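Architecture at a glance
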Amino acid sequence: MNEHFEIPPHITAQTPIIPIIRAWEIYLQDQGKSPYTIKSFISDLSLLASYLPPDRAVGEVTTRELNNFLSWLQYGRGVPCSPKSLARRITAIKAFFRWLYQNGRIATDPAEKVIQYSVISPLPQVLTLEEEQKILEVAESYRHARKPDARPFTLVSLLLQTGIKKGECLNIHLNHIDTSNPEAPFLFVRYSHPRNRYKERKLSLTPSWIEAYHEYLEQYQPRETLFPWSARRLEYLLEDLGEEAGLTKHLSFDMCRWTCALRDWLSGMDREQIRQKLGVSKIQWREIGMKLQRLANEVTQQQ
């Protein structure tokens, strides 16, 4: 974590929450949080500030008041509060007071004993080994058709090997693929905004993919980005592959990403390596790791 931002000296335990929110926003930006997360967290703290008495000093806020606030959100506000929103608001409150406590601005952390609700969305769909093999066979057949087309294999094989997201796939430039060492080619997943630099990573590529990649370059001759088409066009390509492979599932970028992660999990890959390969934060990994464990248990039970 970056530690560049320091809390201004005028912020003390006697300061109300509202004047502190701006400082916390700057801190979150300095930590590289996403704009969506920052906007949500600031909104959550502003809501808490509006709930408490205007003159309530941050150092006087109690655990009971925080629990009462959360109860009000669920039952007294008159506005629906989904389990996911509630969980995020609790996370925001805990992070805010922990930040103040760890920096010595409040004597105790009133949010420490607030119960954290964990909301896990439904398990994602993944491909079975047989389905994955069938898709690759269909994609491979295009490479050897009367009019060879290496694009389907280049796309789906890359997704299943690397587990990259749709946005990352669309942002691949030709110079992000390094084949200078034929024994260890790799993809460099890059981000233009400094805030997302922690997501950047190098992912190994297989020689078989590189072979198809060179065929693809010769056939399509892309100039800058690897796949110079819209996201929707590539989504259609995946859907068509899935249909030709006889899938009842809807083949997508997300399904390929989860399938890749599950394969790595089942292979015994170090969990931290999987997290880094997916380019997710340790906080995001908590839910993703739990989902992968449940998916792995399902696979084990079916065997």
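Residues numbered from 1 in each chain as written. Predicted model: local features only at pLDDT ≥ 70, side-chain atom pairs only at ≥ 80, totals over all residues. Heavy atoms only, no water.

A short note on the packing of aromatic side chains
Inspection of every chain in the model, using the stated rule, returns 13 aromatic pairs. Ring geometry for tryptophan 209 versus tyrosine 213: centroids 5.0 Å apart, planes at 10°, classification stacked. Here tryptophan 209 pairs with tyrosine 213, and both are found in helix α8 (residues 207-220), just 4 residues apart, close to one helical turn. Each member of the pair tryptophan 209 and tyrosine 213 is classed as buried. Site record: aromatic cluster; members linked through ring pairs are Trp24, Tyr27, Phe41, Phe96, Phe97 and Trp99. Here the guanidinium or amino end of arginine 151 rests over the ring plane of tryptophan 229, the centre of that ring lying 4.4 Å away. Arginine 271 extends its terminal NZ or CZ atom over the ring of tryptophan 265, reaching a point 3.7 Å from the ring centre. (Phe/Tyr/Trp six-rings, centres within 6.5 Å; stacked < 30°, edge-to-face > 60°. Helix = DSSP H or I, 4+ residues; strand = E, 2+ residues; numbered from the N terminus. Buried < 20%, exposed > 50% of the residue type's maximum accessible area, 1.4 Å probe, protein only. Lys NZ or Arg CZ within 6 Å of the ring centre and 35° of its normal.)

A closer look at the pattern of salt bridges
All told, the structure shown has 17 salt bridges when counted by the stated rule. Residue arginine 143 is joined to glutamate 211 by a salt bridge in which the shortest nitrogen-to-oxygen separation is 3.9 Å. Pair noted here: arginine 143 is in helix α5 (residues 129-143) and glutamate 211 is in helix α8, with a separation of 68 residues, a long-range link. Put simply, glutamate 200 and arginine 197 hold a salt bridge, and the shortest N to O gap is 3.5 Å. Taking the relative accessible area as the measure of exposure, arginine 197 reaches 43% and is therefore partly exposed. (Salt bridge = Lys/Arg side-chain N within 4 Å of Asp/Glu carboxyl O.)

Examining helix α6 (residues 151-162)
In this model, α6 (12 residues) spans 16 Å end to end at C-alpha, consistent with the 16 Å of a helix rising 1.5 Å per residue. Taken across its 12 residues, α6 has 12 buried, putting it largely inside the fold. If you check which residues of α6 are buried, you get Arg151, Pro152, Phe153, Thr154, Leu155, Val156, Ser157, Leu158, Leu159, Leu160, Gln161 and Thr162. Among the residues trailing α6, glycine 163 stands out with phi positive, at a value near 70°. (Expected span 1.5 Å × (residues − 1).)

A short note on the confidence of the model for the protein
Chain-level pLDDT for the protein is 92 on average; 96% of the residues reach the 70-or-more range. Mean pLDDT in the protein bottoms out at helix α12 (residues 282-302), which sits at 88, and peaks at α6, which reaches 98. (pLDDT = per-residue confidence, 0-100.)

Comments concerning the side chain of aspartate 109
Looking at the element boundaries, aspartate 109 is found in the loop between α4 (83-102) and α5. In this structure the side chain of aspartate 109 is engaged in a polar contact, spanning 2.9 Å, whose partner is the backbone nitrogen of alanine 111. For aspartate 109, the residues in contact, after removing those within four places along its chain, are Phe97, Arg98 and Tyr101. (Polar contact = N/O pair within 3.5 Å; in protein donor to acceptor, adjacent residues only side chain to side chain. Contact = heavy atoms within 4.5 Å.)

Side note on the nonpolar core
Of all hydrophobic cores here, the largest spans 37 residues; its most connected members are Leu155, Val156, Leu158, Ile164 and Leu251. Here the element with the most residues in this core is α6; it accounts for 6 residues. Here leucine 155 is in contact with Cys169, Phe227, Leu234, Leu237, Leu238 and Phe253, once residues within four sequence places are set aside. If you look at the next biggest cluster of nonpolar residues, it comprises 36 residues, including Ile20, Leu45, Phe97 and Ile106. (Core = buried A, V, L, I, M, F, W, Y, C linked by side-chain atoms within 4.5 Å.)

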